[in-house]
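Structure at a glance
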Amino acid sequence: MLTREDDIDVHALRRQGWTISAIARHLGRDRKTIRAYLAGRQAGVRVRSSPDSFDPFVGYARQRLADDPHLWASTLFDELVDLGYDRSYPSMTRALRAGGLRPACEPCTPATGRPVAVIEHPPGAETQWDWVELPDPPQQWGWGKHAHLLVGALSHSGRWRGVLCESEDQAHLIEGLDRVARALGGLSRDWRFDRMSTVVSPETGRVSTSFAAVAKHYGVTVRACPPRRGNRKGVVEKANHVAAQRFWRTLPDDVSVEEAQARLEKWCTNRGDTRLRPTADGRSSVAVLAAAEPLTPMPAPFPAVLTVTRVVSAQALVSYRGNRYSVPPHLHGTTVTVHARLGGTHLDVATTGAPRAGSSDPHHRRPAPDRARRRWRHDPRRRPRHRVERSRLGSVHHRRPAPRQGTPPAHHRRPRRSRPPPHPNQQPRPARRPGA
């Protein structure tokens, strides 16, 4: 590559009648280089010998950033890798800057932040927990305007997992704590929360009576963050930001809750656990650091009772956790309450209030968590089992309909089998006596 001064000398000597070979010998350059600059090549601009590998993805990146100007570059990199991009993340960001593909946003200009301190976290010492409100979940979920994601992160290794929940009550919190802790590999010594009312008192920071039994069951110490100290649990706060930007923004609208949960677990395994973290011996992945943490094995789930409301479909089915459970047909269109004990094998569907012993409310066996199938209990072809069902459907016949009377059409009749004529030597059959 020639400098601007050499480029000027090349054009000046050419105007004086010098040949390309003479100019190349004079400047100590190759003749092909001199010929290229005389043909119009710009000085100071490096020409690639091969086409840029980002060129096939320029259109996709421009349209993606035009639709969502605040999309993270790491999220875009994940999508381009799935589409076949084989270069590194810095190469992609350099191409984005060189092409000016991201629209400018004045409110997003970074400002100076407050000073923070780096806190040392020994292995297996602490797990940080927090809720994330995700806006506009898919309409078929029936969760309203927000979905709730419980995120748990190991403070030492940075490994995190999350569980989608339809509520932030204490029962769903306990279920989420159990599921996330099992996904992380076990229990740490401390659980750190912010001042959420389902765990501690927001005014005093004391652990609530109902959650104290949960902490005793799992054998952990509950630590509450000091007031107005948002950076105290910065590991889980960063995981919240990543979950909202790299998982929730890219989630399609036509997925179910179970499919979204499977996508989140796959992302955490393929992307989150492969991040490199600085260590005393160099750099190690999050998965390697998490595997070395001394975590306590998980006990049986705490027996909390989950309570959710559902609307019975026209087919007298109630949807819960990817399965559909049948109820008496007269309940279609009504609102029922599903009660499921954490770690239990059965669930109850109640019309009003909590389930009572000996009641006629449907009692279903729950399938395994990894098996989603339809449950049929109230078959219209059998005799109803519940007293309420028998009383309300007493006038409904469950037997097969009687055959239609009358002579069937000619094309439906079976042809009669003709009897052969008797043999001449055959004796007539004697008549049968009555009572014989």
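One can find the structure itself at the top, above this paragraph.
Before going further, it helps to examine the layout of surface pockets. A volume near 640 Å³ is recorded for the second largest pocket. Around the second largest pocket, the lining is made up of 26 residues, and of these Ser-157, Gly-158, Val-235, Arg-275 and Arg-277 lie nearest the centre. The element best represented in the lining of the second largest pocket is helix 9 (residues 234–248), accounting for six residues.

This structure, assessed with the given rule, holds 17 salt bridges. A salt bridge links Glu-126 to Arg-192, with the shortest nitrogen-to-oxygen separation between them at 2.7 Å. Separated by 66 residues along the polypeptide, Glu-126 in strand 1 (residues 126–135) and Arg-192 in strand 4 (residues 190–193) bring together distant segments of the chain. Using a relative accessible area of 7% as the deciding quantity, one classes Glu-126 as buried. The closest approach of N and O atoms between Asp-194 and Lys-233, which form a salt bridge, is 4.0 Å. Residue Asp-194 is found in the loop between strand 4 and helix 8 (209–218), and its partner Lys-233 is found in the loop between strand 5 (221–224) and helix 9; the two are separated by 39 residues along the sequence. When its relative accessible area of 24% is taken as the criterion, Asp-194 is described as partly exposed. For Lys-233, a relative accessible area of 3% gives the class buried.

A few words on the packing of helix 2 (residues 20–27) against helix 3 (residues 31–38). Here helix 2 crosses helix 3 at 110°, and the two axes come no closer than 9 Å. Considering the angle they form, helix 2 stands roughly perpendicular to helix 3. At the point where helix 2 passes helix 3, the crossing takes the right-handed sense. Across the interface between the two elements, Ile-20, Ser-21, Ile-23, Ala-24 and Leu-27 from helix 2 touch Arg-31, Ile-34, Arg-35 and Leu-38 from helix 3. Residue composition of the contact of helix 2 with helix 3, grouped by class: six nonpolar, one polar and two charged.

This next bit is on the sheet that holds strand 2 (residues 146–154). Within the open sheet, the five strands sit side by side as 3-2-1-4-5. Their pairing is mixed. Edge positions in the sheet fall to strand 3 (160–165) and strand 5, since each of these pairs with one other strand and no more. With direction set aside, neighbouring strand axes in the sheet form an average angle of 25°. The pairing of strand 1 with strand 2 spans nine bridges and is antiparallel. By the bridge assignment for strand 2, Leu-134 is matched with Ala-147. Its contacts with the sheet put helix 7 (residues 170–184) on strand 1, strand 2, strand 3 and strand 4, and the angle it makes with strand 3 is roughly 150°.

Note that Pro-297 resides in the loop between helix 11 (286–291) and strand 8 (305–311). Owing to a relative accessible area of 67%, Pro-297 belongs among the exposed residues under this scheme. Remark: the alpha-carbon pair of Pro-297 and Gly-185, spanning 112 residues in sequence, is separated by 7.7 Å.

Core analysis: the biggest nonpolar cluster contains 29 residues, and Trp-129, Leu-173, Leu-177, Trp-191, Phe-193, Val-199 and Phe-211 have the highest contact counts within it. Contributing elements (two or more residues each) for this core: strand 1, strand 2, strand 3, helix 7, strand 4 and helix 8. Those residues in contact with Val-199 that lie beyond four places of it in its chain are Leu-173, Phe-193, Arg-206, Val-207, Ser-208, Phe-211 and Val-222. The next biggest cluster of nonpolar side chains, apart from the first, holds 24 residues, and it includes Trp-141, Trp-143, Ala-147 and Trp-160.

Let us look at helix 6 (residues 89–99). Buried residues of helix 6: Ser-91, Met-92, Thr-93, Ala-95 and Leu-96, and no others. On its buried face, helix 6 sits against helix 4 (58–67) and helix 5 (73–83). Of the residues trailing helix 6, Gly-100 is marked for its positive phi of about 60°.

Tracing the backbone shows Thr-127 in strand 1. What Thr-127 contacts, discounting residues up to four positions off in sequence, is Ala-153, Leu-154, Ser-155, Leu-184, Ser-188, Asp-190, Trp-191 and Arg-192.

Moving on to the packing of aromatic side chains. Going through the model one piece at a time under the given rule, you end up with 13 aromatic pairs. Note on Trp-141 and Trp-143: the rings are 5.1 Å apart at their centroids and 65° apart in plane angle, and the pair reads as edge-to-face. Judged by its relative accessible area of 9%, Trp-141 falls in the buried class. When the centroid spacing of 6.4 Å and the interplanar angle of 75° are considered together, the rings of Trp-191 and Phe-193 count as edge-to-face. On the basis of relative accessible area, Trp-191 is assigned to the buried category, the value being 1%. Of the aromatic side chains, those joined through ring pairs into one cluster are Phe-54, Phe-57, Phe-77, Tyr-85 and Tyr-89.

Attention shifts here to unusual backbone geometry. Here Ala-316, not a glycine, exhibits a phi torsion of approximately 60°, which is positive. Structurally, Ala-316 is set in the loop between strand 8 and strand 9 (317–320). Under the relative-accessibility criterion, Ala-316 is labelled buried at 7%.

Once that is clear, we can look at the pairing of strand 10 (residues 323–326). By the bridge criterion, four bridges tie strand 9 to strand 10 in an arrangement that is antiparallel. When the bridges of strand 10 are listed, Ser-319 appears paired with Arg-324.

Across the sheet, which stays open at both edges, the four strands sit in the order 8-11-12-13 with antiparallel pairing between neighbours. The open sheet terminates on both sides in strands that have one partner only, identified here as strand 8 and strand 13 (363–365). Taking the axes of each pair of neighbouring strands and ignoring which way they run, one obtains an average angle of 25° across the sheet. Sheet topology note: the strand 12 (residues 346–350)/strand 13 ladder contains three bridges and is antiparallel.

What counts and how
- Residues numbered from 1 in each chain as written.
- Predicted model: local features only at pLDDT ≥ 70, side-chain atom pairs only at ≥ 80, totals over all residues.
- Heavy atoms only, no water.
- 1 Å grid on protein atoms, 1.4 Å probe; cavity = no way out; pocket = protein on both sides within 12 Å on 5 of 7 lines; lining within 4 Å.
- Points joined across faces, edges and corners; volume = space filled by probe spheres on them.
- Helix = DSSP H or I, 4+ residues; strand = E, 2+ residues; numbered from the N terminus.
- Salt bridge = Lys/Arg side-chain N within 4 Å of Asp/Glu carboxyl O.
- Buried < 20%, exposed > 50% of the residue type's maximum accessible area, 1.4 Å probe, protein only.
- Axes fitted to C-alpha atoms, helices over the stretch in contact; angles between N-to-C directions.
- Parallel < 35°, antiparallel > 145°, perpendicular 65-115°, else oblique.
- Left-handed = near helix turned anticlockwise from the far one by under 90°.
- Contact = heavy atoms within 4.5 Å.
- Nonpolar A, V, L, I, M, F, W, Y, C, P; charged D, E, K, R; others polar.
- Pairing = 2+ DSSP bridges.
- Core = buried A, V, L, I, M, F, W, Y, C linked by side-chain atoms within 4.5 Å.
- Phe/Tyr/Trp six-rings, centres within 6.5 Å; stacked < 30°, edge-to-face > 60°.

Note that all results are geometric; they support no functional claim without further evidence.
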